[in-house]
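Summary of the model geometry
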Amino acid sequence: MQSTGRWAANAFFCECSDPRCDRTVTATIQEYESVRERPTHFLVAANHENPEVECMISETERFAVVETLAGEASKVALRTDPRSLYEPEAN
Ligand SMILES: [Zn+2]
């Protein structure tokens, strides 16, 4: 991977609807942050969008940005409140 010196490329995990997906996506911090500004927007590898549950927002040669549709609200909840995944017993 080459660095242009103007921006740093980072690898992020694909956030598509396939829980077994282990692809990584190359994007800059700025690109990733702009996607995550909206809790319903996700960064996925090119061609990993699922039109049944996601709406394509934008696409580049490196990745796609999708917005989850209403039925995938649980996916958004997982990101915004990770503590709800597991609450240890108090004792
Ligand atoms: Zn994927």
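Here, every reference points to the structure presented above.
The following paragraphs examine the structure supplied in this document. Counting restarts for each chain, with residues numbered from 1 along the sequence as it is written. Only residues with pLDDT of 70 or above have their local features reported here, since the model is predicted, and side-chain atom pairs are shown and tallied only from 80 upward, although totals for entire chains, interfaces and linings are computed over all residues.

For N47, which is not glycine, the phi dihedral falls at a positive 70°. Residue placement: N47 occurs in the loop between strand 3 (41–45) and strand 4 (54–59). The class of N47 is exposed, set by 8 C-beta atoms lying within 10 Å. Numbered from the N terminus, helices here are DSSP runs of H or I no shorter than four residues, and strands are runs of E no shorter than two. In this scheme the burial state of a residue depends on its C-beta neighbours within 10 Å: 20 or more other such atoms mean buried, 12 or fewer mean exposed, and anything in between means partly exposed; the C-beta positions come from the backbone.

One requirement defines pairing of two strands: DSSP has to find at least two bridges between them. With respect to topology, 3 strands assemble into an open sheet ordered 3-5-4, the strand pairing being antiparallel. What marks the edges here is a single partner per strand, and that holds for strand 3 and strand 4. Looking at each pair of strands side by side, their axes are set apart by 35° on average, direction ignored. As judged from the 5 bridges shared by strand 4 and strand 5 (residues 63–68), these two strands associate in the antiparallel manner. Note that in strand 5 the partner of E54 across the bridge is T68. Helix axes are fitted only over the stretch in contact, all axes being lines through C-alpha atoms; the angle between N-to-C directions runs from 0 to 180 degrees.

Time to look at the environment of A8. Mapped onto the secondary structure, A8 falls in the segment before strand 1 (9–13). Looking at A8, the number of C-beta atoms within 10 Å reads 10, which means it is exposed. Sequence-wise, A8 and I29 are 21 residues apart; in three dimensions their C-alpha atoms are separated by 7.5 Å.

With that settled, the discussion passes to the nonpolar core. Each nonpolar core consists of buried Ala, Val, Leu, Ile, Met, Phe, Trp, Tyr and Cys residues. Their C-beta atoms, within 7 Å, join them into a set. C16, V25, A27, V35, F42, L43, V44, F63, A64, V65 and V66 together form the largest nonpolar core, which totals 11 residues. Among the secondary structure elements, those contributing two or more residues to this core are strand 2 (24–28), strand 3 and strand 5. For this core, the element with the highest residue contribution is strand 5, accounting for 4 residues. Discounting chain neighbours no more than four positions away, the residues touching V65 are V35, H41, L43, I57 and S58. Distance between backbone-placed C-beta atoms decides contact: two residues are in contact if it is within 7 Å.

Everything listed is a geometric property; what it means functionally is a separate question.
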